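# Inside the fold
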Amino acid sequence: MLGRLHLLLIQDRSKWHELPEWARFFVRLGFEVGRRPAQDRRLVVAVGVPARFLAAAAASAGVVAGGVSGDTSNAHEHFLGLCSAAEGTPVILERGGRQYLGEIHGHVKREGEVWLRVRIQDPKTGGETHLIRESQSSRVSLVNQSSGVLPKQPHGVAPISRPAFIRSLLGTEGLHRISSATALDCVIVGKAGWLKSELGGVKLGIETGGRTVEEGRLDDITRTRQVIGPKRNYRSFIVSSTSRLRHALSTARPRCVVFDGALGFLKWRHNWRSSHWILVLDKTDPRCSDGAIALNGEYEGRSIGIAEDLSSFKRPPAVEITAFYGAVQ
Amino acid sequence: MRATDLVVLGQLYTDGAAMKVRHHRVRHDGFRNFCVALGQLQGALRDSKSGTDPYWTALMRSAKRFRFDAMASPRAFSDICLLGSVSSLRTQYARCEGMYPQLVALVRQVIDLLEILSSTKDSPLLDAASAVIGNDLSDSFAIVLCESRLMAALPSILLRVPALKGAHLVTQQHLRHTVWYDRLLLFGAPSWYGDFVFQAPRSRQIDVFRYAWISGKVVAKGLFTAPLGEGPTLEDEGSDEVSGDVIDVGDVLPAPWFADLSFADLARHAEGEAEDDGSRETVRARPFLLEGNHVVFLEAEDNATALVLDLDEDEEDRLQRLPVDDISEGMYVLLRAAGGGDYVVAVADGLLGAIKMEVRTMQYEWKARLRGLVRESTLLEVSLRLLDRGSQKANENNVRHWMWGRSIRPNDPADFDAIMNLVGLGAEKDRYCLAMKAIDVAHLQAGQVIRRALLAQVRKADLSALERDGSMEFDLPGGDTGRMIASRVIQVGRETVEISSSRVGKPIETEGA
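One numbering rule holds for all chains: residues counted from 1, following each sequence as written. For this description, chains carry letters from A and ligands carry numbers from 1, given in the order in which they are written. The predicted origin of the model limits local features to residues at a pLDDT of at least 70 and limits the giving and counting of side-chain atom pairs to 80 or more, whereas totals for whole chains, interfaces and linings rest on all residues. Processing note: side-chain calculations cover all non-hydrogen atoms of the structure and skip hydrogens and water entirely.

## Section: helix α7 (residues 124-134) of chain B
Categorising residues by exposure relies on relative accessible area from a 1.4 Å probe, with only protein chains included: less than 20% of the type maximum marks a residue as buried, more than 50% marks it as exposed, and the intermediate range marks it as partly exposed. Each helix is a run of DSSP H or I of at least 4 residues and each strand a run of E of at least 2, with the numbering of both proceeding from the N terminus. Residues of α7(B) that are buried: B:P124, B:L125, B:L126, B:A128, B:A129, B:V132 and B:I133. Against β1 (20-26), α3 (57-72), β2 (141-145), α8 (154-159), β4 (183-187) and β5 (205-211) of chain B lie the buried residues of α7(B). Pairs of residues are marked as contacts when any of their non-hydrogen atoms sit within 4.5 Å.

## Some details on the interface of chain B and chain A
Across the boundary between the two partners, chain B contributes 42 residues, which contact 50 residues of chain A. Take the accessible area each of two parts loses on contact, using a 1.4 Å probe, and add the two losses: that sum is the buried area. Summed over both sides, the interface between chain B and chain A buries roughly 3,700 Å², with carbon and sulfur atoms accounting for 60% of that surface. On the chain B side of the interface with chain A, the three residues burying the most area are B:Y13, B:F224 and B:L228, jointly 25% of the side's total. Should a side-chain nitrogen of Lys or Arg be within 4 Å of a carboxyl oxygen of Asp or Glu, the pair is scored as a salt bridge. At the boundary of chain B with chain A, the tally comes to two salt bridges. Among the ionic pairs, A:K267 bridges to B:D326, the shortest N-O distance being 2.7 Å. Polar contacts, as used here, are pairs of N or O atoms within 3.5 Å; protein pairs need one atom able to donate a hydrogen and one able to accept it. Residues neighboring in sequence count only if both atoms are side-chain atoms. Counting across the interface, chain B meets chain A through 11 residue pairs in polar contact (both at pLDDT 80 or more).

## A few points about the sheet that holds strand β2 (residues 15-18) of chain A
Hydrogen bonds along the backbone pair up the strands of a sheet, which may run parallel or antiparallel. All names here are of chain A. Only strands joined by at least two bridges in the DSSP assignment are considered to pair. Reading across the sheet, the four strands line up as β2-β1-β10-β11 and stay open at both edges, with antiparallel pairing between neighbours. Every other strand in the sheet has two partners, leaving β2 and β11 (213-217) as the edge strands with one partner each. Here the average twist between neighbouring strands, direction ignored, is 40 degrees. As judged from the four bridges shared by strand β1 (residues 9-12) and β2, these two strands associate in the antiparallel manner. Pairing of I10 across the sheet is with H17, part of β2. For helices, the fitted axis covers only the stretch in contact; all axes are lines through C-alpha atoms, and the angles between them, taken along N-to-C directions, range from 0 to 180 degrees.

## Describing the nonpolar core
Among the nonpolar cores identified, the biggest contains 80 residues, and B:F31, B:F34, B:W56 and B:F198 are the most heavily contacted of them. Not counting chain neighbours up to four residues away, the residues in contact with B:F31 comprise B:F66, B:R67, B:A70, B:M71, B:F77, B:L117, B:Y211 and B:W213. In these notes, a set of buried Ala, Val, Leu, Ile, Met, Phe, Trp, Tyr and Cys residues joined through side-chain atoms within 4.5 Å is what counts as a nonpolar core. Grouped together as the second largest cluster of nonpolar side chains are 62 residues, A:A323, B:L6, B:V8 and B:W180 included.

## Structural notes on the packing of aromatic side chains
Any pair of Phe, Tyr and Trp rings, taking the six-membered ring for Trp, is counted once the centres come within 6.5 Å. Such a pair is stacked with planes under 30 degrees apart, edge-to-face with planes over 60 apart, and tilted for the rest. Tallying each qualifying case throughout the model produces 25 aromatic pairs over all chains. With a centroid separation of 5.0 Å and 70 degrees between ring planes, the pair formed by A:F25 and A:F26 is classed as edge-to-face. In this structure A:F25 comes out as buried when scored by relative accessible area, which is 0%. Residue A:F26 is classed as buried on the basis of its relative accessible area of 0%. Ring geometry for A:F26 against B:Y13: centres 6.0 Å apart, planes inclined by 70 degrees, an arrangement best described as edge-to-face. Of this pair, A:F26 sits in helix α1 (residues 21-34) while B:Y13 sits in helix α1 (residues 3-13), placing the two residues on different chains. Exposure class is identical for A:F26 and B:Y13. Each is buried. Taken together through their ring pairs, the aromatic side chains of B:F31, B:F34, B:F66, B:F77, B:Y211 and B:W213 make up a single cluster. Whether a charge sits over a ring comes down to the Lys NZ or Arg CZ being within 6 Å of the ring centre and within 35 degrees of the ring normal. Across the ring face of A:F313, the terminal group of A:R28 is positioned such that the distance to the ring centre comes to 5.3 Å. Its guanidinium or amino end placed over the ring of A:W277, A:R42 lies 4.2 Å from that ring's centre, counting from NZ or CZ.

## A few points about the packing of α1(A) against helix α2 (residues 55-69) of chain A
All names here are of chain A. Taken N-terminus to C-terminus, the directions of α1 and α2 make an angle of 40 degrees; their axes are 6 Å apart at the nearest point. When the interaxial angle is binned, α1 and α2 end up oblique. Between α1 and α2 lies a crossing whose hand is right-handed. Of α2, the residues touching α1 (which contributes A23, F26, V27, G30, F31 and G34) are A55, A58, A59, G62, V63, A65, G66, G67 and S69. For classification purposes, angles smaller than 35 degrees are called roughly parallel, those larger than 145 roughly antiparallel, those between 65 and 115 roughly perpendicular, and all remaining angles oblique. Two helices crossing with the near one rotated counterclockwise from the far one by less than a right angle form a left-handed crossing, whereas a clockwise rotation gives a right-handed crossing.

## Observations concerning the confidence of the model for chain B
All names here are of chain B. The pLDDT averaged across chain B works out to 84; a share of 86% of its residues lies at or above 70. The least confident element of chain B, judged by mean pLDDT, is helix α11 (residues 257-260) at 44; the most confident is β4 at 96. pLDDT gives the predictor's per-residue confidence on a scale running from 0 to 100. Below a pLDDT of 50 lies the segment residues 254-260, which in the model reaches 18 contacts outside its immediate sequence neighbourhood of four places, other chains included. Note that pLDDT drops below 50 for residues 273-279; the model gives that stretch 10 contacts with residues more than four away or on any other chain. The ipTM value of the predicted complex is 0.82, and its pTM value is 0.78.

## Focus on a nonpolar patch on the surface
A surface patch of nonpolar side chains, about 250 Å² in accessible area, is lined by B:L380, B:L384 and B:L387. With respect to the helices and strands, B:L387 occurs in helix α15 (residues 379-388). The patches reported here contain residues having more than 30% relative accessible area and no salt bridge. Joining distances are 9 Å for like charges and 5 Å for nonpolar side chains (Val, Leu, Ile, Met, Phe, Trp, Tyr). Note on areas: Shrake-Rupley with a 1.4 Å probe; residue coverage comes only from the protein chains shown.

## A word on the sheet that holds β4(B)
Residue and element names in this part refer to chain B. Spatial strand order, β3-β2-β4-β5-β1-β6: six strands in an open sheet with parallel pairing. Looking at the sheet topology across the chains shown, the edges are occupied by β3 (168-171) and β6 (235-236). Two elements, β2 and β4, share four bridges in a ladder whose sense is parallel. Looking at the pairing, F141 lines up with R183 of β4.

## A look at the pairing of β5(B)
Residues and elements named next belong to chain B. Counted residue by residue, β5 has seven buried out of seven residues, so it is predominantly covered. The alternating pattern of β5 places Q205, D207, F209 and Y211 on one face and I206, V208 and R210 on the opposite face, and all of these are buried. Relative to β5, β1 runs parallel, the two sharing seven bridges. Note on β5: the bridge partner recorded for K20 is Q205.

## Focus on the state of the cysteines
Our working definition of a disulfide is a cysteine sulfur pair at a distance within 2.5 Å. Per the stated rule, a full pass over the model turns up zero disulfides over all chains. For B:C35, which is in no disulfide, the shortest distance to another cysteine sulfur is to B:C146 and amounts to 15 Å.

## Quick notes on the pattern of salt bridges
What the rule picks out here adds up to 36 salt bridges over all chains. We note a salt bridge from B:D112 to B:R90, for which the minimum N-O separation is 2.8 Å. Of this pair, B:D112 sits in helix α6 (residues 104-118) while B:R90 sits in helix α4 (residues 86-92), placing them 22 residues apart in sequence. A residue is classified by how much of its surface remains accessible, and B:D112, at 33% relative accessible area, is partly exposed. Among the charged side chains, a network of salt bridges with common partners joins A:E18, A:E21, A:R24 and A:R28.

## With respect to the environment of A:H78
All names here are of chain A. You can see H78 is positioned in helix α3 (residues 75-83). Residue H78 is classed as partly exposed on the basis of its relative accessible area, which comes to 28%. At 3.1 Å, the side chain of H78 forms a polar contact with the backbone oxygen of S137.

This is the structure:
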C-alpha cells in the first residue's frame, strides 16, 4: 500500500542513507491517516516525540501520498466520460512528465479495443494526436476552460520540478494525480519557517535501478502552496501558528490537518472538525502539557472509541501515541 | 543538515526510551545542621504567622538563597555568594531578643552555621560527581544546572577538578535542543528541573546528586489519557527513602510563583498606591516570570503584541512581534533597559522631529479632556454620550483604552469624531486627525527601524551566551534609552490582571529563592 515510500533515502553530508526508522514511522502514520476518507470516520492521532524535527513534515507527505493512493475514482467510468465528451472538449494530457493542453477528438475502435483521441497541436501545423487506451486514461483530465486554439507546436509544461522522483515513488498514475489538480489534502499548522525549510530543504532520494538515485524533497510530495509558489497546483497549505487564520482557510475541509506543536493546536483546534487530525507534541515544548490536556479533552468528547486498528502500529520506543475517532461537526 | 543530527535524532527516538536515573545521596553534617535549623526557623515563623514581617526578609532571603545554591550547584560552600555579609546579618538581628525572644536561639544558630559554612572549602556535591565520573571513560557528559544564575564562576571551578574539566556546562534549557550526551549530571531535587529533562531525555543515563535529606524520585509521566500500546517507562533505581529530618523540597524553592503571588499586589506594591477611579489608565496585562527573579507585565488586550527572540527559529525569523498570549516559556522577551515602556515611542518621537512637541501635546490634550470627563462621571456615562454622538464602538473597555496614553486614536473615524465633539474639540477635529495620523505613521516607521537595528545586533550577538545566561543586552541607536534586554521567560502567568499602564513592560524584582 505504501508504494515505494518505505524505500526513501535521505542525504547527509553528500551521502545517501536509508530514511531513519523514526522518520519512516511518520510517513507511514500520515499515509495510514491520509488514505482513509474523512467522511466515514474522523481519526484523531496524537504523538508525543522527543524532538519535533521533520515529524510533521514527514507525516504531511504521508498524508498526501495516502490521499493519492486512496483516490478511488473509477478508471472505466472516467474513460467512458472522456469518450462521450463533445468534440473539442478541452483536456490536459500528461506525457513524459509534462502536461499538454489538448482537445478530445472522438474515439476509435481498433482490434476490439476503444482508444480515445486527444489532439494537442493545431491541425494547420500537423495536428499531433494521441491515442489513449482505457488503462492509461488517468493521463487525461478535463479542464474547465479552453485556451481557444491549440498551439502550433506542442510545448507541455512540467507541473512538478522533479517528476522522475515522484514517478519512482508513486508511479506514473501517482505523479499524474498529485500534480494534475489542486486539492487540499493537508493543512499543516506550525512555525512556517521551520516547515518550509524541512519540506523544501531536506534532500531525499529514491533508487531507480543501476544504483542511480533520483533526488527529491518532501515538498515534491506535499506540494505545499507556500513552498512551490503561486500558479501551480498544490495539495497542502501551511498555516502559521503565530499568525491570524484567514477565513477561507478556517472553513476549508482538508482531508487531514497536521498540527506541528501545541501552540497551533491550542489556537486553531476549533476549526477543521470534519477532517482527520494528526497532532505532533514535542515533549520539550513548554506548551506540550497544555496541548496534551486539550487533546485529552477531545478524547473525552470522542464519537466512537479508540482506533484499535492502529494499536499494532509499530512506533519508535520514545514515541507515545494515542488515536481515537473524534466527534464530527 | 549536519551529519550528527541524524545520529542524535536516532538516539533521542531509540536510546532515550531506555534512560536510567541514578541517585547519589550526599552527606555533610555541617550543612545538614544548617538546613535543619533553617527549616525549624521557617516552621516557627509559619506557625507564629510572623513570616510576613519585613523584619525577617534579609535573614530569610540570605539563608534560603545560600541553601538553594549549595544544593543546586557543585561548588565549595565558600564559593557561594551571599546576598549580604554575615556581619551585617548579626548587626541587623542583634535586637531579636526584644522582638522575638522565642526565636533568638534559632536565629543565632542559623547565622552561626551560615558563617561557618560560608568560610569552609568543603564541596560535597563536586566531590561526589568527581568520584563518579573519575571511574568512567565516557567522553561526552554534561553538568546540567536548573538555573542560569548558578553558572557563574563554575567553569573556572571545574577546571581545577581533573575528572570534570571536560564536562559540558549547560542549563536545563539547553536540553530542549537536539543534543545527546553519554551522561547528564544534575544537582539538587529532580523537581527543580522541567519535566522534559526526564520525559524527553538527552542521555541514556542521568545521575542526580542530591543531599540525603531531600526527596526526589522521578516517575514516568504519560501525555495521553488513552495511549496505544505501553506508555513511557523510566528506570529510577533509587527509592524515595530519606533520613528522618527530611526537608520538604517545596520549602527549599518557592512553590510555583503564580500560585504564591498576587500579581495585583505585586504591581501595586511596585508603583505605590494608585488612584482607583475610572480616570486611571489601566490595562489588562499578563505577568511573566523572567530569568533573574523578575516579573514583567505585558499588555494582553486584544491585538497586543510584544517583541520576542525565538532562538529556535531561523536567523531571519528569530525576531518576532508576537501576540502576548502566544509567548511561552523559553522565549526571550525584549524590554527597554531604562525607562520601561515601549522603545517605539522614543524612536517615533525622533522621527516626528520638529512637529513632535505639537502633535504629542495634541495627543495628550484630547486624552486628558476625555479622562477629565470620566473623572466627573463614569466610564459608562461617557460611553453612552459618545454613542449619542455617532461613535460605533464606545464601551467601557474601549473608552479606557482610548484614554490610555500609549494608544494613538480609535481605528474608526466615527469614534474619533465623536470624541472630538464630546471633549469640545469638534471645530479642530481635522487638525487633530492629521496629527494623530502623523503619530501613527511615525510609530509604524519606528517599529521598522527598531526591527532592523535589533536584527543587526542579533546577527552579530553570541546567542549561545544568551542561552547560557538567560539574558543579554542589545545596544540600539539612542544611547542608554536605546538599550534593550532580552530575558528568558521562565513561567507564564495563567491569569491576567488589571494594572496601571505605567507598569507595563517594567520588570519588577521579586524576592527569589
